[in-house]
Amino acid sequence: MTTPPERSTRRPWPVLTPAVLIMLVVLVVVLIALPWVLSNFWLRVATSALVFAALALSLNVIMGLAGYPALGNIVFFGVGAYVSGLAAANLGLPAPVAILLGAVGAAIYALIASRAMLSLRGSYFLMATVALNFLTLELIVVLRGLTRGARGVTIPPLVTGDPSTVYDTFYFLFLGLVAVGAVVLIVLRRSRLGLGLLAIKGNEDAASMLGVPTFRYKAIAWALSAGLAGAVGATHAYWIGFIDPGSSFDLIMSLEVFLIALLGGPLLVIGPIIGAFTFEVAGVIAWASFTEAHLAVLGVLMVIVVTYLPGGLPELPTRIRGIVARRRGTHGRSARAA
Amino acid sequence: MSQAIVNGILTGGLYAAFGIGLSLIYGVTRVISAVHGAFIVIGAYLAQSAWMAFGLDPFLMVPVLLVIGFGLGYGVQRLFIDKVMRRRVVMTITLTFGLDLIAVTGILLVFGADLRTISVPYASVGFDVLGARIPLVRLGIFAVAVILALGLELILRRTQIGTTIRAVSQNRTAAELLGIDTGHAFGMAHGLAAAVACGAGALLALIQPLQPFMGLSVLLIAFAVVVLAGFGSIAPVLISGMILGLTENLAGLYIGTEYQRLAIFVAYLAVASILPAGLFGRRFYAH
Amino acid sequence: MRDARRHGVSGIATAALVGVLAAAVSLPAVAQSPAVGDPIRIGASLALTGDAAPDSKLVRDGYDFWAETVNAGGGIVVDGVARPIELVIRDDGSDRDQAARLVENLIAEEDVDFLLAPWGSGNTNAVAPIAERYQKLMVAPLAASDEIWEQGYRYLFGVLPIGSTNMRPLVPMVQDLGLTRVGVVTTDDLFPLLAAEGVSQQAKDAGLEVVVDEIYPPGTIDVGSLITRIQEAAPEALAAPVDVADALVLLRQMKERDYLPPILAFSGATLVPDFLSNAGADAEGLFGITYWSPALPYADALFGSAADYAAAFEARFGYAPTHDNVAASISGYALQRGIETAGSLDTTAVRDGMLSLDETTVFGQMAFDERGVNTGVTTYVVQIQDGTPVIVSPADAAAAAPLWPIPGWSER
């Protein structure tokens, strides 16, 4: 058997060209302005998009940089939600402390798991993260004395007041987390650690031989990824107001985050943000028109992205141009390439 | 104790039948197929429908399901997976999960969300051996699961198709140079895998009420089985299935039933992290 | 698709039939023939697809039946104007985030006047804070989790008693039969855990011996070890407040093992059509818990008697209603009575109206305490006798005596 074709499609990192910089500035301005423009319903949609964007950014730390397909990364979202939720509900800790604890707890959980799991690669790692997610779910269920198990935890409100105040607060909290994720990725990318991670993504054995402390780098990356996901989970718990094991460790949500990261393509920072908003708006439309089949809509989207847009949304203009060109040029001929 | 061992082994046979196809697909195509659970559920629903419409015994439905499953697997491989097979696992898992969601929705729209069951007239028949009860249905399920596994092994080792599949899994480029239609060979492999999955669905329908969304839990069991067995080997899959069945039953009996499922995931992760190649070492069909 | 079919041609025919029946019942309202006003819009997010779809269907049918019955009688009279009900139902696909978002949308964009809750405590928990934030009244048919009612929600009402009381009536029945050894097994899920804890505690308080008390994961394929544990403990009565799918698995595997405790009681599952159709003859002799039966002498001005409700409901939907359906219909009716008492659609007035209610409905007595919990409902033990559910306890409502032991598998 030859080496598995796991990471044959490595893409160069896009540099911070003026075009990208302008996009970034426009994006920031638009994101900050949204609460003044949108109705409460659409603000809620936008907030969901930010949740997914932040999760996709956190996934990109381990997957985008180090190339580790952590499909079960939602486990850290759940751990963060539970640590902060229990800290708030049982110990009465204030929200900022609880959320911080959620992030730290998730990062520590990743460090513990890294011992056992970061020696696995590709498919093996992917399946192990899925197992970790469900193992953790079962733990939460079984340790009901501590976690309240399947009963779930009601989280005290983070802010009170009229709905608009509440929504604005959460919108900006999640926007802050997206910003944190973006900064982490940008700083990492320019650091020694980030270069090491990219080397690992390229060829881990070679990187190791060149003196990259692969295990340590991967563990740090995973802890950072988990910490961010944990903070998102913790904040999300306050937003929804109630957590239970099933909805905190939801594999479908993990798949959605995966898809958003793929939509982002090689644009590790802007990609997930645009991807998440595209996904959420498409979701609202899909939900309205295909209520019973909305999961199939997600499925079709996943199939299409993998089959026709493996490079994500940034590839879309090229693809469309390609199709148009093919229509004009090689019309009638079989233009099917492998 | 003897009862728990009997249960564990009998249920383990079924778990193995869930995992075998997944293991074969990965061994040959290097794709983890998340749509595998949906094949099992489709088989289960078809068996239930045949039972409801014609009173056909699910065991007799298995051969029909093998054919249907083969067609499904071959089609999915040729239409969807072929194009992206060489890409990273991120891509293939997203693709197959996408197909799974489409399949689940299809099941929901065709069969509805109501629970469906099969109750065969011999459901309460069984034998008492050494203080343990062996239900006839369970014994039948176990026997069919083992026959499916051995049949698959025979096809892979003794037939022209099997030789071709093993050749492409060993070295795709060389096989192509020899003029082997690799796309067809991969399709055959996925077809065989899906055939077993669909057949196993009939067995599942004999013991579990059917719901459109049950595929994920079945898929997780299949994951656990193949992680224990190491990808791409059949005999170890059978043993791994039984180990999981025993783990579940003995944990239920001695630790407490509430820890049954946790025990499965603990075994899964422990083996994955300590013995990444599975309990039996890395063995592929080509060897 | 299924919904489209339900509201299709055959739906219209049965709706017309229901209309005639309902009009006969609510003649007084029609006689006044007030002016017809704009509809009262009532929103609900339900899991029409996904895991919770079979349960949610019962709720949806209950809501629809209430709205259709009211509309057939002209609507709810507010300030001399008859206003029909317009249900605005959205599918959350069994997804909590989506449910929350849909409720948000129902309130903020769709401008509904009131809300009806989703199925189950978990989902109700996810949307209650939003209703609270916007100060919209919401009535929950099946949110029995004890905790939800300790949150101090002002605008949430529930028509069921809290979950931990669910299986308690089993205890006096078992005592009356002179039995002492009971067992409780349940799945690790919100309502099952509550009900199991409640009945287990009640049994201990009553001096019964709880010989087996087990929790197991919902959806377990192989419950062999659980059955071994039960067999070894040999309880004379076993309470298992699990959902329909888990009840079917437990029953099936007990049959494979040729074992059956002398008394086996599921909770509401025993009466759910999905359970009865799948279990078939195997359901004979099983005990269950219900808040309602068509045989009970309950009645109200809208639905007529409990038997009338059952007949009209079955004519409309093709299956006999369970307490889940009636609880959903009564949630709407509670809101209706609140509006009628208040004579307006103002939230505070309707809330006060609902709190002041103390009357008989087709579901039994209806009176809400300050938490919003209906304290009037009575819980009954039923048994499947000759294929039909019959109330066997408490004695004053019993239509038959409990038959035990349940005949073993070989005696059928």
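These numbers were taken from a predicted model, which means no experiment stands behind them.

## Considering the packing of aromatic side chains
Overall, the coordinates contain 29 aromatic pairs over all chains when judged by the stated rule. On the numbers, 6.2 Å between centres and 20 degrees between planes, the contact of Phe 70 of chain B with Tyr 74 of chain B is stacked. With Phe 70 of chain B and Tyr 74 of chain B both in helix 3 (residues 58-84) and four residues apart, this pair spans about one turn of that helix. Residue Phe 70 of chain B is classed as partly exposed on the basis of its relative accessible area of 25%. A network of ring pairs unites the aromatic residues Phe 65, Trp 292, Phe 303, Tyr 309, Phe 313, Phe 317, Tyr 319 and Tyr 333 of chain C as a single cluster.

## Overview of the pattern of salt bridges
Under the defined criterion, the tally for this structure stands at 30 salt bridges over all chains. Notably, a salt bridge pairs Glu 138 of chain A with Arg 261 of chain B, separated by 3.8 Å at the nearest N-O pair. Of the two residues, Glu 138 of chain A sits in helix 5 (residues 122-142) while Arg 261 of chain B sits in helix 11 (residues 260-274), which places them in two different chains. Judged by its relative accessible area of 7%, Glu 138 of chain A falls in the buried class. Accessibility expressed as a relative area gives 25% for Arg 261 of chain B, which makes it partly exposed. Ionic pairing is found between Arg 172 of chain B and Glu 176 of chain B, a salt bridge with its closest N-O pair at 3.4 Å. Here the residue Arg 172 of chain B and the residue Glu 176 of chain B both occupy positions in helix 7 (residues 172-177), the gap between them amounting to four residues, near one helical turn.

## Description of the environment of Ser 39 of chain A
Locating Ser 39 of chain A in the fold gives a position in the loop between helix 1 (18-37) and helix 2 (40-65). Given the relative accessible area of 28%, Ser 39 of chain A is considered partly exposed. Within the structure, the side chain of Ser 39 of chain A is placed 2.9 Å from the side chain of Glu 109 of chain C, a separation counted as a polar contact.

## Some thoughts on helix 11 (residues 251-264) of chain A
Residue and element names in this part refer to chain A. End to end, helix 11 covers 20 Å across 14 residues, agreeing with the expected 20 Å (1.5 Å per residue, within 8%). Of all the 14 residues making up helix 11, 13 are buried; the element is thus mostly covered by neighbouring parts of the structure. Taken from the residues just after helix 11, Gly 265 is the one with a positive phi, measuring 60 degrees.

## Notes on the confidence of the model for chain C
Residue-level pLDDT values for chain C average 88, and 92% of them are 70 or greater. This stretch, residues 1-31 of chain C, has a pLDDT under 50; its non-local contacts, to residues over four places away or in other chains, come to 41 contacts.

## So, the interface of chain C and chain B
Between chain C and chain B, the residue contacts involve 35 residues of the former and 40 residues of the latter. Counting the contacts that link chain C with chain B gives one salt bridge. In this structure, Glu 256 of chain C and Arg 138 of chain B form a salt bridge, with 3.1 Å as the shortest nitrogen-oxygen distance. If you look at where chain C meets chain B, you find 18 residue pairs in polar contact (both at pLDDT 80 or more). Of all the secondary structure elements, the ones that give two or more residues to the side of chain C that touches chain B are helix 4 (53-72), strand 10 (209-216), helix 9 (224-233), helix 10 (244-256) and helix 11 (273-279) of chain C.

## Here's the deal with the packing of helix 7 (residues 163-190) of chain A against helix 6 (residues 121-134) of chain C
At a closest axis distance of 9 Å, the pairing of helix 7 of chain A and helix 6 of chain C adopts a crossing angle of 130 degrees. Classified by the interaxial angle, the pair formed by helix 7 of chain A and helix 6 of chain C is oblique. Residue-level contacts link Pro 163, Val 166 and Tyr 167 of chain A of helix 7 of chain A to Ile 130, Arg 133 and Tyr 134 of chain C of helix 6 of chain C. When grouped by side-chain class, the residues that make up the contact of helix 7 of chain A with helix 6 of chain C number five nonpolar, no polar and one charged.

## A word on the nonpolar core
In terms of nonpolar packing, the biggest core is built from 244 residues, with Leu 31, Leu 55, Phe 76 and Trp 222 of chain A together with Phe 18 and Phe 97 of chain B touching the most fellow members. Per-element accounting of this core gives the leading share, 17 residues, to helix 8 (residues 182-207) of chain B. Beyond its immediate sequence surroundings of up to four residues, Phe 18 of chain B is in contact with His 36, Ile 40, Ala 200, Leu 204, Val 218, Ile 221 and Ala 222 of chain B together with Ile 221 of chain C. Leu 116, Leu 335, Leu 355 and Val 392 of chain C belong to the second largest nonpolar core, which has 112 residues in total.

## Focus: the pairing of strand 2 (residues 40-46) of chain C
All names here are of chain C. Here strand 2 lies mainly inside the structure; seven of its seven residues are buried. Every second residue of strand 2 is oriented toward a common face, with Ile 40, Ile 42, Ala 44 and Leu 46 on one face and Arg 41, Gly 43 and Ser 45 on the other, all of them buried. Pairing geometry for strand 2 and strand 5 (residues 85-91), over seven bridges, is parallel. Residue Ser 45 lies in a different strand from strand 5, and its bridge partner there is Arg 90. In this structure, strand 2 lies alongside strand 6 (residues 114-116), joined through three bridges in parallel fashion. Along strand 6, the bridge assignment pairs Gly 43 with Leu 115.

## Some words on unusual backbone geometry
All names here are of chain C. Following Ser 393, the chain continues to Pro 394 via a peptide bond in cis, the omega torsion being 0 degrees. In this model, Trp 404 is joined to Pro 405 through a cis peptide bond whose omega is -5 degrees. You can see Pro 405 is positioned in the segment after strand 19 (388-393). With a phi close to 50 degrees, Asp 386 is a non-glycine residue in the positive phi region.

## A few points about the sheet that holds strand 3 (residues 76-78) of chain C
All names here are of chain C. Spatially, three strands are ordered 1-4-3 in an open sheet, and the strand pairing comes out mixed. The outermost strands of the open sheet, each flanked by one partner alone, are strand 1 (35-36) and strand 3. Looking at chain direction, strand 3 and strand 4 (residues 81-83) are connected through three bridges and run antiparallel. Within the sheet, the bridge partner assigned to Ile 76 lies in strand 4 and is Arg 83.

## Some points on the sheet that holds strand 8 (residues 156-158) of chain C
All names here are of chain C. Strand order in this open sheet of five strands is 5-2-6-7-8, and the pairing throughout is parallel. For this open sheet the edge positions go to strand 5 and strand 8, each flanked by a neighbour on one side alone. Looking at each pair of strands side by side, their axes are set apart by 25 degrees on average, direction ignored. By the bridge criterion, two bridges tie strand 6 to strand 7 (residues 138-140) in an arrangement that is parallel. Paired with Leu 115 across the two strands is Met 138, which belongs to strand 7. Sheet strands in contact with helix 5 (residues 96-108) are strand 2, strand 5 and strand 6, and its direction is about 170 degrees off that of strand 2.

Reading the values: rules and limits
Residues numbered from 1 in each chain as written. Chains lettered and ligands numbered in written order. Predicted model: local features only at pLDDT ≥ 70, side-chain atom pairs only at ≥ 80, totals over all residues. Heavy atoms only, no water. Phe/Tyr/Trp six-rings, centres within 6.5 Å; stacked < 30°, edge-to-face > 60°. Helix = DSSP H or I, 4+ residues; strand = E, 2+ residues; numbered from the N terminus. Buried < 20%, exposed > 50% of the residue type's maximum accessible area, 1.4 Å probe, protein only. Salt bridge = Lys/Arg side-chain N within 4 Å of Asp/Glu carboxyl O. Polar contact = N/O pair within 3.5 Å; in protein donor to acceptor, adjacent residues only side chain to side chain. Expected span 1.5 Å × (residues − 1). pLDDT = per-residue confidence, 0-100. Contact = heavy atoms within 4.5 Å. Axes fitted to C-alpha atoms, helices over the stretch in contact; angles between N-to-C directions. Parallel < 35°, antiparallel > 145°, perpendicular 65-115°, else oblique. Nonpolar A, V, L, I, M, F, W, Y, C, P; charged D, E, K, R; others polar. Core = buried A, V, L, I, M, F, W, Y, C linked by side-chain atoms within 4.5 Å. Pairing = 2+ DSSP bridges.

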